[in-house]
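Here is what each chain is made of, one letter per residue.
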Amino acid sequence: MNNNTADKFILLFLRLVTYAIVLVVGYILFDIIRNGFSALNWQFVSSFPRRSGAAGGIFPAIVGTFYLVVGTIAVSLPLGIGGAIYLAEYAEQNRFNSLIRLAIITLAGVPSIVFGLFGLGIFVLFFGFGPSILAGSLTLACMVLPTIIVASEESLRAVPKGFRDASLALGATKWGMIRTNVLPYSLSGMITGAILGIGRAAGETAPILLTVAAFYLPRLPKSVFDQVMALPYHLYILATQHPEAERIRHMQYGTALILLLLVLGLSLGAILLRTHSRKKFRW
Amino acid sequence: MSRSRKLFITDKLMRLLLMGAASTSVLVVCLIFLFLLKEAGPFAFNPGLGKLLDSQWIPVSFQQERFGIGPLLSGSALVTALAMLVTVPISVLVAIYIAEIARPGEREFLKPFIEILASIPSVVLGFFGLLVVAPLVKATFGLSTGLTALTGALLLSLMAIPTIISLSEDALVSVPYSLKNASLALGASHLQTIFRVTLPAALPGIVAAVMLGIGRVIGETMAVLMVTGNAAILTASPLSSVRTMTATIAAEMGEVPFGSVHYQALFWIGIILLVITFALNIVAQRVLKKYGMMK
Amino acid sequence: MNSLTIDQLRLIYTGKISNWKEVGGLDNPIILLSRESSSGTFVFFQEHVLNKEDFSNSARLLAGTSALVQAVAADRGAIAYVGLGFAAEAKGTIKTLGVQAAGQTGPVLPSEESVRSGAYAVSRPLFFYTNGAPNDTAKKFIDFCLSPAGQKIVRETGYVPVS
């Protein structure tokens, strides 16, 4: 067998498969952009829905998603970064710390609907928050925590040991050293992790299904104990349960497009930030 | 108090605080198990866990409610198996291409695409599946409806592919240069090296990646809820409708009376999902650790 | 074919009849579509049409009535039970069947008159429930719904007004 021809063939096949995937991704984006573009106008993103979502806009859903994301980050970012600092800088190789790592891996693998059940059981029922932004954000925070911890820990470990040694040699305390010589350089990695976390929190439906989401609210939420509309849930209901589903395709696509733009924008931002900081900190 | 003493206390305090932050993960995991069991518990006494082994899932009935999770497990299993059949070959091949063959410029172009795929929300993919993939499946196979296990599997593979690609790529890249160079030095071509040396060496990492991918797929809710037809039947045909465990919870939880037997049964499904994904995770980690590829 | 008897509906939805030719249609398998078990419509259908029997296992349970309508419009040989308003909305794409109940001489198509008079068998009233006597706001809402202006909206969306 002629090795060269066989090799070229295999190479071609690999290339084909890879670019087939690229094409599929491209087509999905193309389909949603093409069909959703016509629905996008200022009115769509700034007005309230009318005729239960068949007309008007999706402003409250955008606001709701925004509130949920803010709540999620407010809880998970400090806990996540704190936990990452502990794991990267303080933790020895003992049983307790292995347990922590096991817990993080476990959390990362829990299905999103199980988070929804958990949120329902503890935040909505046990703590009595009822379906609310509070319950939804706390649930999403639990879901997003592993992402933030892992990304933050990676960025901390990327800081060269020399930075730490230099500071300690000059007499700094451990926390002082971390604060001045490690954190500033790992910041961009942590922000990347936070952005990835935000993206996930904004796009998930299952955890908010049981803890906060409503389809048609006449007013914006006034407190953290209110229910809220959210983009992913809005899309789901518009597409499967709305009486005029066939006729409001453009509303569905418009909602999908807004959600997609939000999530992709965040993804792209994270990617750019990562590339930029990689170039900036060449060590 | 002297300045150095203050700093010392601050330091100790920070360590405690940070350890507390890290421990919240452990706390949350314990709480998840606890609260799921709390809501599901009473089912074990009335009507008893054996009811979950029934062959049918008929939670609302004037005759006799049946809470057998068999059809649901089979639905999840079928959809997962089909998805993996599609995902694994594609992911491994693409990972090989990206890790070993693509030029650096090409890599910079391809990797964002994979990340974009990974960040598409599942409800958007489900929506796309409903409008594009389901009619496609229906037309291709001449079916009466496109809401099938196969449609769900195709969407799930779109979700699992990025996960498995990036983990497999990591595994391939961490194969030591010495192995690759030795093979090349002995006269093997680049491709021969890839398939006979690098790939086998990276196999544990790839296996772990596949297990994590399976976990991801089993746990997926929205996309399957929208396109699999949600029929609770035991079947092995990819072209029939099935009902997954996740979709069952999402669909039925909304209107079930709090605290009812049906409600508890749904929480039991949640527990089973949790245990399955937990087990997959553990095994994957064991595999990675055993072959020294822990990240 | 344009109609079914209640008995036929029951046999179809409990899985005992599985091909359209058995009820006078073409030789095509029947695709059973239904609401999720969490739906009131599901329970109503189960109680009044299926005579409390269980739905067939092969019934595909879709998330909402709109999903049912879309599926019936797109799939060959599909049947589903939907609210009148939804069916009116989708008039061009789906066919509404007449239903012949026991003791009736012929099939009855759903319309405002046939539902009001009780001739169309698969119909049910919708109720408002309040905890005790309705409070001020609730009373205003209920009064509006029952007023001529409210009932006009009911008719416009394809449902049957009460008064």
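Visitor: Mind showing me how you'd approach the overall build of chain B here?
Guide: For chain B, the helix and strand inventory stands at 10 helices and two strands. Along chain B, from the amino end to the carboxyl end, the secondary structure elements read α-β-β-α-α-α-α-α-α-α-α-α. Taken over the C-alpha atoms alone, chain B extends approximately 75 × 75 × 30 Å along its principal axes. A buried classification covers 52% of the 295 residues belonging to chain B. Across chain B, the fraction of contacts at a sequence separation of at least 24, relative to all contacts at a separation of at least 6, is 73%.

Visitor: What should I look at first to understand the overall build of chain A in this one?
Guide: The helix and strand inventory of chain A stands at 11 helices and two strands. Each helix and strand of chain A, placed in order from N terminus to C terminus, yields the pattern α-α-β-β-α-α-α-α-α-α-α-α-α. A buried classification covers 51% of the 283 residues belonging to chain A. In chain A, once contacts between residues fewer than 6 apart in sequence are set aside, the share between residues at least 24 apart is 75%.

Visitor: What am I meant to see in the interface of chain C and chain A here?
Guide: You'll often see interface size given as the accessible area lost when the parts meet. Each side of the interface is counted separately: chain C has 10 residues, and chain A has seven residues. Among the elements of the structure, helix H3 (65-74) and helix H4 (84-89) of chain C are those that each provide at least two residues to the side of chain C that touches chain A. In terms of residues, the side of chain C that touches chain A owes the most to one element, H3(C), which gives four residues. In terms of residue class, the side of chain C that touches chain A is built from four nonpolar, five polar and one charged.

Visitor: Explain the environment of B:Gly270 to me, please; I cannot follow it from the model alone.
Guide: Relative to the elements of secondary structure, B:Gly270 occurs in helix H10 (residues 261-290). Along the sequence, B:Gly270 and B:Ala232 sit 38 residues apart, while their C-alpha atoms lie 17 Å from each other.

Visitor: Looking at this model, I keep getting lost on the interface of chain B and chain A. Mind explaining?
Guide: Residue-level contacts link 64 residues of chain B with 65 residues of chain A. Sorting the residues of the side of chain B that touches chain A by element identifies helix H1 (3-40), helix H2 (70-101), helix H3 (104-119), helix H4 (122-141), helix H7 (190-218), helix H8 (222-227), helix H9 (245-252) and H10 of chain B as the ones contributing at least two each. Here the side of chain B that touches chain A takes 23 residues from H1(B), the largest share from any one element. For the side of chain B that touches chain A, the residue count by class is 45 nonpolar, 14 polar and five charged.

Visitor: What exactly am I supposed to notice about unusual backbone geometry here?
Guide: All names here are of chain C. With a phi angle near 55°, Asn51 is a residue other than glycine that sits in the positive phi range. Tracing the backbone shows Asn51 in the loop between helix H2 (40-48) and strand E3 (60-62). Residue Asn51 is classed as exposed on the basis of its C-beta count, with 12 C-beta atoms lying within 10 Å. Even without being glycine, Lys52 reaches a positive phi, approximately 70°. Of note, Lys52 is situated in the loop between H2 and E3.

Visitor: How should H2(B) be read in this particular structure?
Guide: Along an α-helix, residues three or four apart share an orientation, since each turn contains 3.6 residues. Residue and element names in this part refer to chain B. Here H2 spans 45 Å end to end across 32 residues, near enough to the 46 Å set by a 1.5 Å rise per residue. Thr87 marks where H2 bends most, by close to 30°; the proline Pro89 follows one to four residues later. With 23 of its 32 residues buried, H2 lies for the most part within the structure.

Visitor: In this structure, what is going on with the pairing of strand E2 (residues 31-35) of chain C? I would like to understand it.
Guide: On a regular strand, each side chain points to the face opposite its neighbour's, so the side chains alternate between the two faces of the sheet. Residue and element names in this part refer to chain C. Of all the five residues making up E2, five are buried; the element is thus mostly covered by neighbouring parts of the structure. Both faces of E2 are covered, namely the face carrying Ile31, Leu33 and Arg35 and the face carrying Leu32 and Ser34. Where E2 and strand E4 (residues 78-79) come together, two bridges link them in parallel fashion. By the bridge assignment, Ile31 is partnered in E4 with Ala78. Alignment of E2 against E3, held across three bridges, turns out to be parallel. Bridge pairing in E3 places Arg35 opposite Leu62.

Visitor: Got a minute to help me understand the environment of B:Leu150 in this structure?
Guide: All names here are of chain B. Its location among the elements puts Leu150 in helix H5 (residues 149-173). Along the sequence, Leu150 and Leu239 sit 89 residues apart, while their C-alpha atoms lie 6.0 Å from each other. Filtering out sequence-adjacent residues up to four positions away, Leu150 remains in contact with Leu82, Val137, Pro238 and Leu239.

Visitor: Looking at this model, I keep getting lost on the packing of helix H3 (residues 59-90) of chain A against H1(B). Mind explaining?
Guide: When two helices pack together, their arrangement is given by the angle between their axes and by how far apart the axes lie. Between H3(A) and H1(B), whose axes approach to 7 Å, the crossing angle comes to 110°. Classified by the angle their axes make, H3(A) and H1(B) are roughly perpendicular. Regarding H3(A) and H1(B), the two cross each other, and that crossing is left-handed. Residues A:Leu79, A:Gly82, A:Gly83, A:Ile85, A:Tyr86, A:Leu87 and A:Tyr90 of H3(A) lie in contact with H1(B), whose contacting residues are B:Arg15, B:Leu17, B:Leu18, B:Met19, B:Ala21, B:Ala22, B:Thr24 and B:Ser25.

Visitor: Hey, could you run me through the nonpolar core in this one?
Guide: In summary, soluble globular proteins display a tendency toward joint burial of nonpolar side chains. By size, the foremost hydrophobic cluster in this structure holds 223 residues, and its most contacted members are A:Leu235, B:Val124, B:Leu156 and C:Leu33. Non-local contacts of B:Val124, meaning those with residues more than four positions away in its chain, are made with A:Leu235, A:Ala256, A:Leu259 and A:Leu260.

Visitor: Got a minute to help me understand the sheet that holds E2(C) in this structure?
Guide: By way of backbone hydrogen bonds, the strands of a sheet pair with one another, either parallel or antiparallel. Residues and elements named next belong to chain C. Read across the sheet, three strands follow the order E3-E2-E4 without closing on themselves; strand pairing throughout is parallel. Sheet topology places E3 and E4 at the edges, where each strand pairs with a single neighbour. Strands in contact with H3 are E2, E3 and E4; relative to E2, the strand with the most contacts, it is inclined by about 165°.

Visitor: Is there a simple way to think about the packing of H2(B) against H5(B) in this case?
Guide: Residues and elements named next belong to chain B. Contact geometry of H2 with H5 gives a least axis separation of 6 Å together with a crossing angle of 35°. Crossing of H2 over H5 shows right-handed handedness. Taken together, the residues of the contact of H2 with H5 sort by class into 23 nonpolar, five polar and two charged.

Visitor: It is not clear to me how the domain arrangement of chain B should be interpreted in this structure. Could you clarify?
Guide: Residue and element names in this part refer to chain B. Along its sequence, chain B is organised into domain 1 (3-45) and domain 2 (53-290). The C-alpha centroid of domain 2 is placed 31 Å from the C-alpha centroid of domain 1. At the junction of the two partners, domain 1 supplies six residues and domain 2 supplies eight residues. Residues belonging to the side of domain 1 that touches domain 2 are distributed by class as follows: five nonpolar, no polar and one charged.

Visitor: How do you make sense of the environment of B:Leu266 when you look at a structure like this?
Guide: Residue and element names in this part refer to chain B. Tracing the chain through its elements places Leu266 in helix H10. Here Leu266 falls in the buried class, since 25 other C-beta atoms lie within 10 Å of it. Residues Leu266 and Met245 lie 21 residues apart in sequence; the distance between their C-alpha atoms is 8.9 Å. Dropping the residues within four chain positions of it, Leu266 is found in contact with Ile249, Glu252, Met253 and Val256.

Each value, and the rule that gives it
Residues numbered from 1 in each chain as written. Chains lettered and ligands numbered in written order. Predicted model: local features only at pLDDT ≥ 70, side-chain atom pairs only at ≥ 80, totals over all residues. Helix = DSSP H or I, 4+ residues; strand = E, 2+ residues; numbered from the N terminus. Buried ≥ 20, exposed ≤ 12 C-beta atoms within 10 Å, placed from the backbone. Contact = placed C-beta atoms within 7 Å. Nonpolar A, V, L, I, M, F, W, Y, C, P; charged D, E, K, R; others polar. Expected span 1.5 Å × (residues − 1). Bend = angle between axes of the 7 residues up to and from the residue. Pairing = 2+ DSSP bridges. Axes fitted to C-alpha atoms, helices over the stretch in contact; angles between N-to-C directions. Parallel < 35°, antiparallel > 145°, perpendicular 65-115°, else oblique. Left-handed = near helix turned anticlockwise from the far one by under 90°. Core = buried A, V, L, I, M, F, W, Y, C linked by C-beta atoms within 7 Å. Domains from an automatic or database assignment.

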